[in-house]
Amino acid sequence: MTQDTLQAQAHLIVRQRIRLMVNQYEVHAVSPDGQEAGILAFAQQKRMAFKEQVTLYTDDTKQTPLLGFKARQVIDLGATYDVTDANGQPIGLFRKNFAASLLRSSWVVEQPGYGEITGQERNQWVAILRRFVDYLSWLPYHFDFTIQGRPAFSVVRKWGLRDTYQVSIHDQYLDRRLVVAMAVALDALQSR
C-alpha cells in the first residue's frame, strides 16, 4: 500500500482482531458497493504498556511501518499523542479534551497548516449510558469531527462481536494517516 493509495480513500473500515496480549486492527479500503476491500494498514498496540504507543504497518507481516502515534506523557488524562510517519517525521497530533469529555467524549486533531479539528460523540444519551452503566459500554457510538464548522470526518462504531468502525472522510485535504491514527485511537484509548 502506498501513501497515494491511502490518501485517495474517502471511506475506510477499521476492524479489531481479538487477541490476548495485544490490540490489533486492520484498516481496509471500501469497494464502490460499500464492502470491505483490501488491507491498507495493520496496527498493533501492546496492552498495559507503560507509555501508550501504537505502530501501523502496511500489512500484518509488520515488515514495513507506515505511521505511529505515541503519548507525550506517561500518565495524563488529557494526554497529547504525536502522530509520525514511517521515518519519525511529524504528521500531526490528537488529544482528548478532558473537561469536555466528562459527559461526552471530545477529541482535538491537529494537522500542520490546518485549523483545529474537533470531534465528539454525536449522541449525548448514549455517551452518558456508556459511562455510568458498565454493562452498556458495548453500545455503538458515532463521532463527528469538524473543522471551522464543516464536516471533516466521522467514525461510527458498528454492532458486532468484535469492534468494527466505518470511517467517512469528508475533507479531501486531510492526511488519511492522521484520520487512521484517530480512528484506531478511538478504540484503543476511548475507555481511558
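Counting from 1, residues in each chain are numbered in the order their sequence is written. The model is predicted, so local features are restricted to residues of pLDDT at least 70 and side-chain atom pairs to those at 80 or more, both for listing and for counting; the totals for chains, interfaces and linings are taken over all residues. Side-chain measures were taken over the full set of non-hydrogen atoms in the model, leaving aside hydrogen atoms and water.

Participant: Describe the overall build of the protein chain, naming the residues involved and giving the relevant values.
Facilitator: For helices the rule is a DSSP run of H or I covering at least 4 residues; for strands it is a run of E covering at least 2, with both sets numbered from the N terminus onward. Scanning the protein chain from N- to C-terminus turns up three helices and 12 strands. Remark: exposure states derive from per-residue accessible area (1.4 Å probe, protein chains only) relative to the maximum for the residue type, with buried under 20%, exposed over 50%, and partly exposed in between. Every one of the 192 residues in the protein chain was classed for burial, and the buried ones make up 47%. Methods summary: accessible areas were calculated by the Shrake-Rupley approach with a probe of 1.4 Å, and residue burial reflects only the protein chains presented. Counting every atom, the protein chain has about 10,000 Å² of accessible surface; 54% of that belongs to carbon and sulfur.

Participant: Account for the side chain of Glu 121, naming residues and giving values.
Facilitator: Checked against the element boundaries, Glu 121 lands in strand 9 (residues 117-121). According to the relative accessible area criterion, Glu 121 is buried, its value standing at 1%. Polar contacts, as counted here, are pairs of nitrogen or oxygen atoms within 3.5 Å of one another; within protein the pair requires one atom able to donate a hydrogen and one able to accept it, and residues that are adjacent in sequence qualify only if both atoms are side-chain atoms. Reaching out from Glu 121, the side chain makes a polar contact with the backbone nitrogen of Ser 105 at a distance of 2.9 Å.

Participant: With reference to specific residues and values, describe unusual backbone geometry.
Facilitator: Positive phi outside glycine occurs at Lys 62, with the angle close to 55°. Among the structural elements, Lys 62 can be located in the loop between strand 4 (53-57) and strand 5 (65-71). Despite not being glycine, Gln 148 has its phi angle at roughly 50°, a positive value. With respect to the secondary-structure elements, Gln 148 resides in the loop between strand 10 (142-147) and strand 11 (150-158). Judged by its relative accessible area of 67%, Gln 148 is exposed.

Participant: So what's going on with the pattern of salt bridges? Residues and values would help.
Facilitator: When a carboxyl oxygen of Asp or Glu lies within 4 Å of a side-chain nitrogen of Lys or Arg, that pair is called a salt bridge. According to the stated counting rule, one finds nine salt bridges in the structure shown. Between Glu 26 and Arg 17 there is a salt bridge, with its nearest N and O atoms 2.6 Å apart. Both residues of the pair, Glu 26 and Arg 17, belong to the buried class. Close ionic contact of Glu 110 with Arg 95 constitutes a salt bridge, the shortest N to O distance being 2.8 Å. Taken together, the positions of Glu 110 in strand 8 (residues 106-110) and Arg 95 in strand 7 (residues 90-96) put the pair 15 residues apart, joining distant regions of the chain. Put simply, Arg 17, Glu 26 and Asp 60 are held in one network by salt bridges that share partners.

Participant: Go over the pairing of strand 6 (residues 80-85) with me, naming the residues and quoting the values.
Facilitator: By the convention used here, strands pair only if DSSP detects at least 2 bridges between them. Taken together, the five bridges between strand 5 and strand 6 define a ladder with antiparallel strand orientation. Each bridged residue has a counterpart across the sheet, and for Gly 68 the counterpart in strand 6 is Thr 84. Sheet topology note: the strand 6/strand 7 ladder contains five bridges and is antiparallel. Looking at the pairing, Tyr 81 lines up with Phe 94 of strand 7.

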